[in-house]
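Descriptive analysis of the structure
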Amino acid sequence: MSNVVSLHDKTFDLYIHQKDIVETIASLAHRIAADYAGKRPLFLSVLNGSFMFTADLLRHYTGECEVSFVKLASYEGTATTGTIKELIGLNENIKGRHVIVLEDIVDTGNTIDALFAALAIHEPASVKVATLLYKPEAYEKAHPIDYTAITIPNKFVVGFGLDYDGLGRNLPNIYQLIQ
Ligand code: 5GP
């Protein structure tokens, strides 16, 4: 497979190989399983971007667990409220549950912040986040990112579930935008 891919008008270079991604996710899964020993966490996978991360993390998670899928829909609010993010697809009763949110990437933290607020209403026992990718240079929020598979600089990436305008989610490796 070529090291360079073109999506729409942009070109991306191979950044992290699938083998390294999956190894890192496997060790993260073992870490989480050790932390949640004796508990039955509910993994909440945030679509669309986290489907590959979710599959690989759960494949390597050895403890008892459940998984469900949610989506954050953005719509324009009033001039004062700006963009509003609504949580859709939460069918489980999460009251008293140990929830682990699975994200593809944490950038500014706006998405994860909106999720924490939306989940808190349902009174879970605890909420933590596990993300495939984390950009600490871009992160603007106070909440700690509990579990990170891979920390990256503030550059745009695609592949392994992440898209550029709808394309690239199927790429097995992670690619970085060539400036
Ligand atoms: P945040 O709300 O933390 O700023 O951004 C989270 C969302 O922005 C992600 O779920 C993703 O959709 C998008 N995003 C941020 N950085 C990247 C990136 O480097 N590549 C892609 N494909 N999406 C990104």
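One structure accompanies this document, and this report is about it. (Residues numbered from 1 in each chain as written. Predicted model: local features only at pLDDT ≥ 70, side-chain atom pairs only at ≥ 80, totals over all residues. Heavy atoms only, no water.)

A look at the site of the ligand
- Surveying the vicinity of the ligand reveals 15 residues, the closest of which are Thr-108, Thr-111, Lys-135, Val-157 and Asp-163.
- Contact between the ligand and Asp-104: an oxygen atom at 3.2 Å from a side-chain N or O atom of the residue.
- The separation between a nitrogen atom of the ligand and a polar main-chain atom of Val-157 is 2.7 Å.
- Looking at the shell around the ligand, the elements that each hand over two or more residues are strand E6 (98-106) and helix H3 (110-120).
- Top contributing element to the shell around the ligand by residue count: E6, with four residues.
- Considering only residue class, the shell around the ligand consists of five nonpolar, four polar and six charged. (Near = heavy atom within 4 Å. Polar contact = N/O pair within 3.5 Å; in protein donor to acceptor, adjacent residues only side chain to side chain. Helix = DSSP H or I, 4+ residues; strand = E, 2+ residues; numbered from the N terminus. Nonpolar A, V, L, I, M, F, W, Y, C, P; charged D, E, K, R; others polar.)

Regarding a nonpolar patch on the surface
- On the surface, a cluster of nonpolar side chains totalling about 300 Å² of accessible area is made up of Leu-47, Phe-51, Val-67 and Phe-69.
- In this fold, Phe-69 is placed in strand E4 (residues 66-76).
- The class of Phe-69 is partly exposed, set by a relative accessible area of 39%. (Patch = residues over 30% accessible without salt bridge, like charges linked within 9 Å, V, L, I, M, F, W, Y side chains within 5 Å. Areas by Shrake-Rupley, 256 points an atom, 1.4 Å probe, with all protein chains shown as cover. Salt bridge = Lys/Arg side-chain N within 4 Å of Asp/Glu carboxyl O. Buried < 20%, exposed > 50% of the residue type's maximum accessible area, 1.4 Å probe, protein only.)

Section: the pairing of strand E3 (residues 42-47)
- Counting buried residues in E3 gives five out of six residues, a clear majority hidden from the surface.
- Here E3 pairs with E4 via six bridges, running parallel. Across the sheet, the residue bridging to Leu-44 is Ser-68, located in E4. (Pairing = 2+ DSSP bridges.)

Observations concerning the pattern of salt bridges
- Tallying each qualifying case throughout the model produces ten salt bridges.
- The salt bridge partner of Glu-23 is Lys-19, with a shortest N-O separation of 3.1 Å. One end of the pair is Glu-23 and the other is Lys-19, both in helix H1 (residues 18-35) and four residues apart, which spans about a single turn.
- Overall, Glu-23 belongs to the partly exposed group, its relative accessible area being 46%.
- Residue class for Lys-19 comes out exposed when judged on its relative accessible area of 54%.
- Note that Lys-141 and Asp-113 form a salt bridge whose closest N and O atoms lie 3.8 Å from each other.

Notes on the packing of H1 against helix H2 (residues 51-60)
- Where H1 contacts H2, the two axes come as close as 8 Å, and the packing angle between them is 55 degrees. Judged on the interaxial angle alone, H2 and H1 are oblique. Judged by the sense of rotation from one axis to the other, the crossing of H1 with H2 is right-handed. Together, Val-22, Ile-25, Ala-26, Leu-28, Ala-29, His-30 and Ile-32 of H1 and Phe-53, Asp-56, Leu-57 and His-60 of H2 make up the contact between the two elements.
- A breakdown of the residues in the contact of H1 with H2 according to their chemical character gives eight nonpolar, two polar and one charged. (Axes fitted to C-alpha atoms, helices over the stretch in contact; angles between N-to-C directions. Parallel < 35°, antiparallel > 145°, perpendicular 65-115°, else oblique. Left-handed = near helix turned anticlockwise from the far one by under 90°. Contact = heavy atoms within 4.5 Å.)

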